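The chain contents come next:
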Amino acid sequence: MSACSKARYIWMDGELIECERAYVHILTHALHYGTAVFEGIRGYWSEDERNLYIFRLRDHMVRMINSARIVGLRLSYGIEDLVNAVIRTVKVNEFQENIYIRPIAFAGEGSISLDTSKVPTRVSIAAFPFGHYLKPKGVRVKVVSWRRVPNYSMPVIAKASGIYLNSVIALSEALSSGYDEAILLDWRGYVSEGSGENIFVVKRGVIYTPPTYASILEGITRDSVIKISRELGYEVVERDIAREELYTADEIFMSGTAAEITPVVEVDGRVIGIGSPGPITEKIMEYYKKIVYNRVPRYREWITPVY
Ligand code: PY5
């Protein structure tokens with residue numbers, strides 16, 4: 001599929017331009033040094049309401065602004081500009097199906113010095129139809145040999161492009177060993193997260209997830225899962241999880257914008273639970289789906305209708 005077969009316009013530096021023209025120069029700083037911050041956001045099309053609902057748009061754009069601040073990229077757009085630009089981009093493409101939105105702020109061209117103050121920060125927002133990222137019925141994962149970049153070496157709380165080389169090599173190790181996804185341990189040896197997802201472990205009815213200091217990206221889906229699980233009456237505990245605890249878990253699932261809520265059915269060749277999505281995972285998945293399609297009034301503040 002060519003990049004522009006299903007999206008006509010892309011927002012670049014304040015203007016909507018035809019997808020075919022959305023290119024950058026080969027000397028773009030971010031291409032050489034990973035000097036960019038980005039977001040992944042989903043929009044859900046409701047056939048009944050004939051509307052497209054963007055999930056937690058404002059929270060994603062706030063995180064992008066914070067990521068830029070952390071890595072030192074100057075942004076000339078504020079929160080309202082970015083939120084409106086996303087809505088405008090989605091609207092002009094007239095999508096009537098589920099989509100993925102990819103805003104990115106990156107160091108542009110003009111200097112190959114590592115000093116980003118010598119180049120302008122550019123911003124782009126692309127959106128395109130998108131289905132499942134991981135197998136919705138459950139994935140087989142491998143605890144890979146690469147560790148998650150420690151948060152004393154990189155600001156891993158920022159969703160910054162350069163950090164993703166860590167995820168790319170981790171995923172590649174899992175895939176080449178025949179698994180669907182990677183789990184990375186942190187520098188201490190505790191469970192951190194997947195290559196592009198946070199992780200949750202269910203044991204005797206309690207839901208556990210690694211804390212921020214386990215070098216995780218603080219996922220917005222993770223935050224949604226914690227809130228809705230508590231509302232459903234489950235106890236959710238943020239604490240360190242040892243690798244071997246994964247093997248004896250009753251249920252495991254991953255959370256992320258692209259992955260949504262994906263059950264984990266196998267870790268390092270050990271079957272988890274009965275080898276199919278567990279009951280608590282399924283309950284949370286079902287409720288999450290209702291919420292993103294704007295069918296739960298108390299979570300309306302998480303939803304931005306496009307049309
Ligand atoms: N951890 C990492 C390393 C991630 O890349 C992501 C999101 C998450 C956790 C979950 O964060 P959130 O719930 O806020 O999405 N990954 C991106 C996504 O759009 C990119 C995946 C390729 O899901």
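See the structure shown above.
Heads up: these notes are all about the structure in this document. (Residues numbered from 1 in each chain as written. Predicted model: local features only at pLDDT ≥ 70, side-chain atom pairs only at ≥ 80, totals over all residues. Heavy atoms only, no water.)

### Describing helix H5 (residues 220-231)
Put simply, the rule is: The way it works is that DSSP assigns letters per residue, a run of H or I at least four long becomes a helix, a run of E at least two long becomes a strand, and they are numbered from the N terminus. Multiplying one less than the number of residues by 1.5 Å gives the expected span of a helix. To sort residues, take the accessible area from a 1.4 Å probe on protein chains only and compare it with the maximum for the residue type: under 20% means buried, over 50% means exposed, and anything in between is partly exposed.
Taking 1.5 Å of rise per residue, 12 residues should cover 16 Å, and H5 covers 17 Å from first to last C-alpha, within 8% of that figure. Along H5, the positions that sit buried rather than exposed are Ile 220, Thr 221, Arg 222, Ser 224, Val 225, Ile 226, Ile 228 and Ser 229. One or two positions beyond H5, positive phi appears at Gly 233, with a value near 100°.

### Some points on the packing of aromatic side chains
Operational definition: Pairing of aromatic rings covers Phe, Tyr and Trp, the last through its six-membered ring, and needs centres within 6.5 Å; plane angles under 30 degrees mean stacked, over 60 mean edge-to-face, and all others mean tilted. Ring-over charges, as used throughout, are those where CZ of Arg or NZ of Lys falls within 6 Å of the ring centre and within 35 degrees of the ring normal.
This model, assessed by the stated rule, comprises 13 aromatic pairs. For the pair Phe 55 and Tyr 288, a centre-to-centre distance of 5.6 Å together with 80° between the ring planes defines the contact as edge-to-face. Here Phe 55 is found in strand S5 (residues 51-55), whereas its partner Tyr 288 is found in helix H7 (residues 279-292), with 233 residues between them in sequence. Relative accessible area serves as the criterion here: at 5%, Tyr 288 is assigned to the buried category. Ring geometry for Phe 200 versus Phe 253: centroids 4.9 Å apart, planes at 10°, classification stacked. Of the two residues, Phe 200 sits in strand S11 (residues 198-203) while Phe 253 sits in strand S14 (residues 251-256), which places them 53 residues apart along the sequence. Here Phe 253 falls in the buried class, since its relative accessible area comes to 0%. Here a set of aromatic residues connected by ring pairs shows up, and it is made of Phe 55, Tyr 287, Tyr 288, Tyr 299 and Trp 302. The lysine or arginine in question, Arg 239, covers the ring of Tyr 208, its NZ or CZ lying 4.3 Å from the ring centre. Arg 270 extends its terminal NZ or CZ atom over the ring of Tyr 247, reaching a point 4.1 Å from the ring centre.

### Side note on the pairing of strand S6 (residues 99-107)
How we decide: By the convention used here, strands pair only if DSSP detects at least 2 bridges between them.
S6 sits mainly inside the fold: 7 of its 9 residues count as buried. Two strands pair when backbone bridges link them, and strand S3 (residues 36-38) and S6 are joined in this way by 3 bridges, in the antiparallel orientation. Paired with Ala 36 across the two strands is Phe 106, which belongs to S6. Where S6 meets strand S7 (residues 121-129), 9 bridges bridge the pair, whose relative direction is antiparallel. Bridge pairing in S7 links Ile 104 to Ser 124.

### Comments concerning the state of the cysteines
Put simply, the test is: Note on disulfides: each one is a pair of cysteine sulfur atoms within 2.5 Å.
Scanning all chains against the criterion turns up 1 disulfide. For Cys 4, the disulfide goes to Cys 19, at an S-S distance of 2.0 Å. Measuring the twist about the S-S bond at about -75°, one finds the Cys 4-Cys 19 disulfide to be left-handed. Placement of the pair is Cys 4 in the segment before strand S1 (9-12) and Cys 19 in the loop between strand S2 (15-18) and helix H1 (29-33), with a sequence separation of 15 residues.

### Re a nonpolar patch on the surface
The criterion, for reference: For patch detection, residues must exceed 30% relative accessible area and be free of salt bridges, and they are connected within 9 Å for like charges or within 5 Å for nonpolar side chains (Val, Leu, Ile, Met, Phe, Trp, Tyr). Here, Shrake-Rupley sampling with a 1.4 Å probe gives the accessible areas, and only protein chains in the shown set may cover a residue. Definition used for salt bridges: Asp or Glu carboxyl oxygen within 4 Å of a side-chain nitrogen of Lys or Arg.
A cluster of nonpolar residues, Ile 26, Leu 27, Leu 31, Tyr 33, Ile 112 and Leu 114, forms a patch on the protein surface that exposes about 650 Å² of accessible area. Relative to the helices and strands, Leu 27 is located in the loop between S2 and H1. A relative accessible area of 42% places Leu 27 in the partly exposed class.

### A word on the pattern of salt bridges
In total, this model carries 20 salt bridges according to the counting rule given. Of the charged contacts in the structure, one is a salt bridge between Glu 39 and Arg 63, with a shortest N-O distance of 2.8 Å. Of the two residues, Glu 39 sits in the loop between S3 and strand S4 (41-46) while Arg 63 sits in helix H2 (residues 57-71), which places them 24 residues apart along the sequence. The exposure classification of Glu 39 matches that of Arg 63, with both residues buried. Three or more residues joined by partner-sharing salt bridges are found here, namely Arg 56, Asp 59, Asp 223 and Lys 227.

Geometric descriptors of this kind do not, in isolation, establish any biological role.
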